[in-house]
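Coordinate analysis (summary)
Residue-level listing of the chains:
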Amino acid sequence: MNKMKLRSFVTIAMLSSISFILMFLNFPLPYFPVFLEIDFSDVPALIAAITMGPVAGILVEFIKNILNWLFMGAPTGVPVGHMANFATGILFIMPVYYVYKRTNSVKGLIFGLIAGTFTMSIGMSVLNYVAFLPMYTYFLGMGTFDVKETIVLGILPFNIIKGILLMVLVLMLFRTMRNWIENQRAQYLLQKQ
Amino acid sequence: MMEKMIFGRFIPGDSFVHQLDPRSKLIFTFIFVVIVFLANNVATYGLLLIFTLFVILISRIRLYFLINGLKPVIILVIFTFLIHILFTREGDVLLNLGFLEVYEGGLRQGIFISIRFVVLVFVTTILTLTTSPISITDGLEVLLNPLKKFKLPIHELALMMSIALRFIPTLMDETDKIMKAQMARGSDLGAGPIKDRIKAVVPLLVPLFVSAFKRAEDLATAMEVRGYRGGEGRTRYRQLKWDAKDTTCIFALVLMTALLVFFRS
């Protein structure tokens, strides 16, 4: 087995653990419904994507949600919230990875993060409209809330705020860790090619 | 908190449900979640409720733990129940308070949905209460094995899951230590406006990431030295064993499905 491959597997596992732990440091935003909570568990996934490629980022999101489901269970029995979290994470980290890969600069990272915020808020609004809110509604019985209103007043602004907060955090993190991240990236990602 | 993180929600025991193979419990839970939606009248919902109570009884889980699992949804259940009572207008009027009319259909729907909710939560909670996360991972690996045909790296995924599980307590410990160290310097993660919270997260994440990458490097080297070479021909420390109990459990589920299909209207 390829040494670097094994090392990425183990690193992905570690980052998933961190991501899982960060999920507990969550907090709801004022004025928003309680099931919309902010946490920084997407940051390890983003680091994984930047240093080890997009699949690593997806895996971190995936393992994080499975672990959280095993430990906390899902309030509706069916893990709808976990699926939504998984989709949000991927929609956020993928654009960041692709834009950053192209430009390789702080400016590229900023553009990527803005693009990520954009795809996350638009994508989650669409997905909530076609999938997640109907699923919740189905499990709860009949229409307990207005789908369009929930999206326009809840999901959309919430994801924009979440994206901005993540953007600020990642940029601050990047200011201190840039060299280290680039170094890891050179070891993992560039060696593969 | 630490204790909780190590075992998840798992409560050790030796009841019938504890002794089942994780594979049969996983299959049981997944199919049960689907067949719950077959119920649509008094008889079928009654059956579901009795069946679930029976499972709770033989799992010998203290009711307190199950109620605990219900806590996050209890408000949701009550809310849905009330919505149905207030807004579903079917059948006869049972209660007329002038401004408020309760219909028979509304009450029935409300009770049905609440039962469905409680049953779903109880059964999935019993799975995680009676099975340790590591055996669930083992069970999932074996059950998802056929997907290898589609080039999905099931073994690697299970490996990553078990490593992640193994390191949750370690990294939790480390997070705790770093947080305390930051607190000693006067920063506080749990309070303050959002801006301060983000600022406080950065010095927490930097050492966590660096140490995680270092740890991963060490562990990968150790695994390589011990001759790890992927899932092909690997023997197992934890063996799964399917016996008569598991067949009984699956049989009970098939019987339950048949009854539901027979009695539903």
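Residues numbered from 1 in each chain as written. Chains lettered and ligands numbered in written order. Predicted model: local features only at pLDDT ≥ 70, side-chain atom pairs only at ≥ 80, totals over all residues. Heavy atoms only, no water.

All names here are of chain A. The UniProt entry lists residues 6-31, 43-63, 83-100, 109-131 and 151-174 under the feature "transmembrane region" (unreviewed entry), expressed in the numbering used here. As a span, residues 109-131 carries 100% helix and 0% strand, and end to end its C-alpha atoms are 30 Å apart. Along residues 151-174 one finds 100% helix and 0% strand; the C-alpha atoms at either end are 32 Å apart. (UniProt positions renumbered as here; feature names shortened; annotations may be inferred. Helix = DSSP H or I, 4+ residues; strand = E, 2+ residues; numbered from the N terminus.)

A few words on the packing of aromatic side chains. Inspection of every chain in the model, using the stated rule, returns 12 aromatic pairs over all chains. On the basis of an interplanar angle of 70° and a centroid distance of 4.9 Å, the ring pair of A:Tyr97 and A:Tyr98 is categorised as edge-to-face. Ring plane angle 80° and centroid distance 5.2 Å describe the contact between B:Phe262 and B:Phe263, whose orientation is recorded as edge-to-face. For B:Phe263, a relative accessible area of 39% puts it in the partly exposed group. Stacked on the ring of B:Phe167, the Lys or Arg B:Arg166 has its end atom at 5.0 Å from the ring centre. (Phe/Tyr/Trp six-rings, centres within 6.5 Å; stacked < 30°, edge-to-face > 60°. Buried < 20%, exposed > 50% of the residue type's maximum accessible area, 1.4 Å probe, protein only. Lys NZ or Arg CZ within 6 Å of the ring centre and 35° of its normal.)

Residue and element names in this part refer to chain A. Structurally, the position occupied by Ser41 is in the loop between β2 (37-38) and α2 (42-52). Judged by relative accessible area, Ser41 falls into the buried class, the value being 0%. A polar atom in the side chain of Ser41 sits 2.6 Å from the side chain of Asp39. Once residues lying within four places of it in the same chain are set aside, the contact partners of Ser41 are Ser19, Leu22, Met23 and Lys64. (Polar contact = N/O pair within 3.5 Å; in protein donor to acceptor, adjacent residues only side chain to side chain. Contact = heavy atoms within 4.5 Å.)

All names here are of chain B. Quantified by volume, the second largest pocket comes out at close to 950 Å³. Lining the second largest pocket are 32 residues, with Ile134, Leu159, Ser162, Arg234 and Arg238 sitting closest to its centre. Those elements that provide at least two residues to the lining of the second largest pocket are α1 (2-7), α7 (133-143), α8 (154-184) and α9 (194-225). The element that contributes the greatest number of residues to the lining of the second largest pocket is α8, accounting for 9 residues. Looking at side-chain class alone, the lining of the second largest pocket contains 17 nonpolar, 7 polar and 8 charged residues. Residue assignment places the lining of the second largest pocket across two domains, with domain 1 (16-145 + 242-264) and domain 2 (165-226) each supplying three or more. (1 Å grid on protein atoms, 1.4 Å probe; cavity = no way out; pocket = protein on both sides within 12 Å on 5 of 7 lines; lining within 4 Å. Points joined across faces, edges and corners; volume = space filled by probe spheres on them. Nonpolar A, V, L, I, M, F, W, Y, C, P; charged D, E, K, R; others polar. Domains from an automatic or database assignment.)

The next thing to look at is the packing of helix α1 (residues 3-22) of chain A against α2(A). All names here are of chain A. For the pair α1 and α2, interaxial distance at closest approach is 9 Å and the crossing angle is 160°. For the element pair α1 / α2, the angle class is roughly antiparallel. The handedness of the crossing between α1 and α2 comes out as right-handed. Across from Ser8, Thr11, Ile12, Leu15, Ile18, Ser19 and Leu22 in α1, the residues of α2 making contact are Pro44, Ala48 and Met52. (Axes fitted to C-alpha atoms, helices over the stretch in contact; angles between N-to-C directions. Parallel < 35°, antiparallel > 145°, perpendicular 65-115°, else oblique. Left-handed = near helix turned anticlockwise from the far one by under 90°.)

In this assembly, 56 residues from chain A lie in contact with 63 residues from chain B. Roughly 5500 Å² of surface becomes buried between chain A and chain B when both sides are summed, with 85% attributable to carbon and sulfur atoms. Where chain A meets chain B, there are 1 salt bridge. At the boundary of chain A with chain B, the tally comes to 1 residue pair in polar contact (both at pLDDT 80 or more). Of all the secondary structure elements, the ones that give two or more residues to the side of chain A that touches chain B are α1, α2, α3 (54-72), α5 (106-140) and α6 (147-192) of chain A. (Buried area = accessible area lost by both parts, 1.4 Å probe. Salt bridge = Lys/Arg side-chain N within 4 Å of Asp/Glu carboxyl O.)

This part takes up unusual backbone geometry. Backbone geometry follows two general trends: most residues other than glycine have a negative phi, and most peptide bonds adopt the trans configuration. In this model, A:Asn104 sits at a positive phi of 60°, which is unusual for a non-glycine residue. As for its placement among the helices and strands, A:Asn104 is situated in the loop between α4 (80-103) and α5. Given a relative accessible area of 34%, A:Asn104 falls into the partly exposed group. Residues other than glycine seldom take positive phi values, yet B:Arg60 does so here, at roughly 50°. Looking at where B:Arg60 falls in the secondary structure, it is placed in the loop between α4 (42-59) and α5 (63-87).

The subject of this paragraph is α7(B). Judged by how many residues are buried, α7(B) sits mostly within the fold: 8 of 11 residues are covered. Here α7(B) has its buried residues at B:Pro133, B:Ser135, B:Ile136, B:Thr137, B:Asp138, B:Gly139, B:Leu140 and B:Glu141.

Further remarks concern the confidence of the model for chain A. When pLDDT is averaged along chain A, the result is 84, and 89% of the positions lie at 70 or above. For chain A, the element scoring lowest by mean pLDDT is strand β1 (residues 27-28) of chain A, at 72; α2(A) scores highest, at 92. (pLDDT = per-residue confidence, 0-100.)

Let's shift gears to the pattern of salt bridges. Residue and element names in this part refer to chain B. According to the stated counting rule, one finds 11 salt bridges over all chains in the structure shown. In this structure, Lys180 and Asp176 form a salt bridge, with 3.1 Å as the shortest nitrogen-oxygen distance. In this pair, Lys180 and Asp176 are both assigned in helix α8, 4 residues apart and thus about one turn of the helix distant. What makes Lys180 exposed here is its relative accessible area of 53%. For Asp176, a relative accessible area of 36% gives the class partly exposed.

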